[in-house]
Amino acid sequence: MTRGIPVLLSISDHLSRRWRHCLGVCVLGLMVLAASPAALADDTPTLLVMGDSLSAAYGIEQDEGWVSLLEARLDGKAEVVNASISGETSSGGASRLPDLLGQHEPDIVLLGLGGNDGLRGLPPNQLEANLAAMVEASRQAGAEVLLLGIDIPPNYGQAYRDAFTGVFFRLADTYEVALLPFLLEGVVLEDGMMQSDGIHPTSIAQSIILDNVWPELVSLLERNGVELTEVSRK
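Because the structure is a prediction, the values reported are computed rather than measured.

**Student:** Would you explain the overall build of the chain in this entry?
**Tutor:** Each helix and strand counted, the chain has nine helices and five strands in total. Mapped from its N terminus to its C terminus, the chain presents α and β elements in the order α-α-β-α-β-α-β-α-α-β-α-β-α-α. When contacts within the chain are restricted to residue pairs at least 6 apart in sequence, those whose partners lie at least 24 apart make up 73%.

**Student:** Sorry, what's going on with the nonpolar core here?
**Tutor:** Soluble globular proteins: nonpolar side chains tend toward being buried together. Judged by nonpolar contacts, the single largest core of 60 residues is most densely connected at Trp66, Leu110 and Leu217. With eight residues, helix 8 (residues 206–223) is the single largest residue contributor to this core. Setting aside anything within four residues of it in sequence, one finds Leu217 in contact with Leu47, Leu70, Ile108, Leu110 and Leu146.

**Student:** What is the right way to look at empty space enclosed by the protein in this model?
**Tutor:** Rolled over the atoms, a probe with the dimensions of a water molecule shows which regions are left empty. Taken as a whole and assessed by the stated rule, the structure comprises two cavities of 30 Å³ or more. When its volume is computed, the largest cavity comes out at roughly 40 Å³. Residue lining of the largest cavity: Ser53, Leu54, Ala57, Tyr58, Ile60, Gln195, His200, Pro201 and Gln206, and that is the complete set. Taken together, the residues that form the lining of the largest cavity break down as five nonpolar, four polar and no charged. Counting only elements with at least two residues in the lining of the second largest cavity, the list comes to helix 5 (115–119), helix 6 (124–140) and helix 7 (158–175). Among the elements that take part in the lining of the second largest cavity, helix 6 stands out by supplying three residues, more than any other. Residues belonging to the lining of the second largest cavity are distributed by class as follows: six nonpolar, two polar and one charged.

**Student:** Just checking my understanding: could you explain the pattern of salt bridges for this structure?
**Tutor:** Within the structure shown, the criterion is met by five salt bridges. As a salt-bridge pair, Asp211 and Arg73 come within 3.0 Å of each other at their nearest N and O atoms. One end of the pair, Asp211, is in helix 8; the other, Arg73, is in helix 3 (residues 66–74), with 138 residues separating them in the sequence. A salt bridge links Glu128 to Arg170; its shortest N-O distance comes to 2.8 Å. Linking Glu128 in helix 6 with Arg170 in helix 7, this pair joins segments that are 42 residues apart in sequence. Among the residues examined, Arg170 registers a relative accessible area of 39% and is labelled partly exposed.

**Student:** Explain the packing of aromatic side chains to me, please; I cannot follow it from the model alone.
**Tutor:** Geometrically, a pair of aromatic rings is defined through the distance of the ring centres and the angle of the planes. Considering all chains together, one arrives at three aromatic pairs under this definition. A centroid spacing of 5.8 Å and a plane angle of 75° characterise the contact between Phe164 and Phe168, whose relative ring orientation is edge-to-face. With a gap of four residues between them, Phe164 and Phe168 both fall in helix 7, about one helical turn apart. The exposure class of Phe164 is buried, given its relative accessible area of 1%. On the accessibility criterion, Phe168 (1% relative accessible area) is buried. Taken together, the ring pairs connect Tyr156, Tyr160, Phe164 and Phe168 into an aromatic cluster. Sitting over the face of the ring of Trp214, Arg73 holds its NZ or CZ atom 5.0 Å from the ring centroid.

**Student:** It is not clear to me how the pairing of strand 2 (residues 79–82) should be interpreted in this structure. Could you clarify?
**Tutor:** Looking down a regular strand, the side chains alternate between one sheet face and the other. Direction of pairing for strand 1 (residues 46–51) relative to strand 2: parallel, over a ladder of four bridges. What sits directly across from Thr46, in strand 2, is Glu79. A crossover connection joins strand 1 to the parallel strand 2 through helix 3; in handedness this β-α-β unit is right-handed.

Parameters and conventions
- Residues numbered from 1 in each chain as written.
- Predicted model: local features only at pLDDT ≥ 70, side-chain atom pairs only at ≥ 80, totals over all residues.
- Heavy atoms only, no water.
- Helix = DSSP H or I, 4+ residues; strand = E, 2+ residues; numbered from the N terminus.
- Contact = heavy atoms within 4.5 Å.
- Core = buried A, V, L, I, M, F, W, Y, C linked by side-chain atoms within 4.5 Å.
- Buried < 20%, exposed > 50% of the residue type's maximum accessible area, 1.4 Å probe, protein only.
- 1 Å grid on protein atoms, 1.4 Å probe; cavity = no way out; pocket = protein on both sides within 12 Å on 5 of 7 lines; lining within 4 Å.
- Points joined across faces, edges and corners; volume = space filled by probe spheres on them.
- Nonpolar A, V, L, I, M, F, W, Y, C, P; charged D, E, K, R; others polar.
- Salt bridge = Lys/Arg side-chain N within 4 Å of Asp/Glu carboxyl O.
- Phe/Tyr/Trp six-rings, centres within 6.5 Å; stacked < 30°, edge-to-face > 60°.
- Lys NZ or Arg CZ within 6 Å of the ring centre and 35° of its normal.
- Pairing = 2+ DSSP bridges.
- Right-handed = clockwise from strand over helix to strand, strands pointing away.

See below:
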């Protein structure tokens, strides 16, 4: 009976070594899986664009719009969700935003609303209240915010224009968020940059709009783990 003990111990030791080997292989497999693109995708920041027709590629092909160009420039380093709708007002955006925040859990929210409020002559304090609610909701969801300011035509009167554009500056100061003062800088009044309606940019203007947005967006991207080359930062 005692001669069977070494045999049993040998079998036990062999099984133990096999178990340790299998365990090591499993751990290695889990480490490889964790480093796979699918797993790393969870660490890719999400950008949510809340805009109107200026961000919804109105009158041009969808892939020609500045938001699509932004997605191409990021080249998979961040996910871009374009929730922009032509004709959207700040009120409509404020009502849609909570569900979008819950659905996409963005790290950065770009707020490009207000143009339709201005064209309709809505009170600037109403615009300010709606955008403030969107900034607060975004922050409560853990997202950083970039405000994309807009202007309205001169025929609305200088007093209204000043009150309207002042909304974006006050919000940026109050909430200490990034601000692009005028989304269409270098586009309006330039030959070939606006469609026949005089309101919407053409396809060739979209790269200029992206170049307006990009410098304000870079620091937000880098704070959220996006590594940019020196060339792409400019």
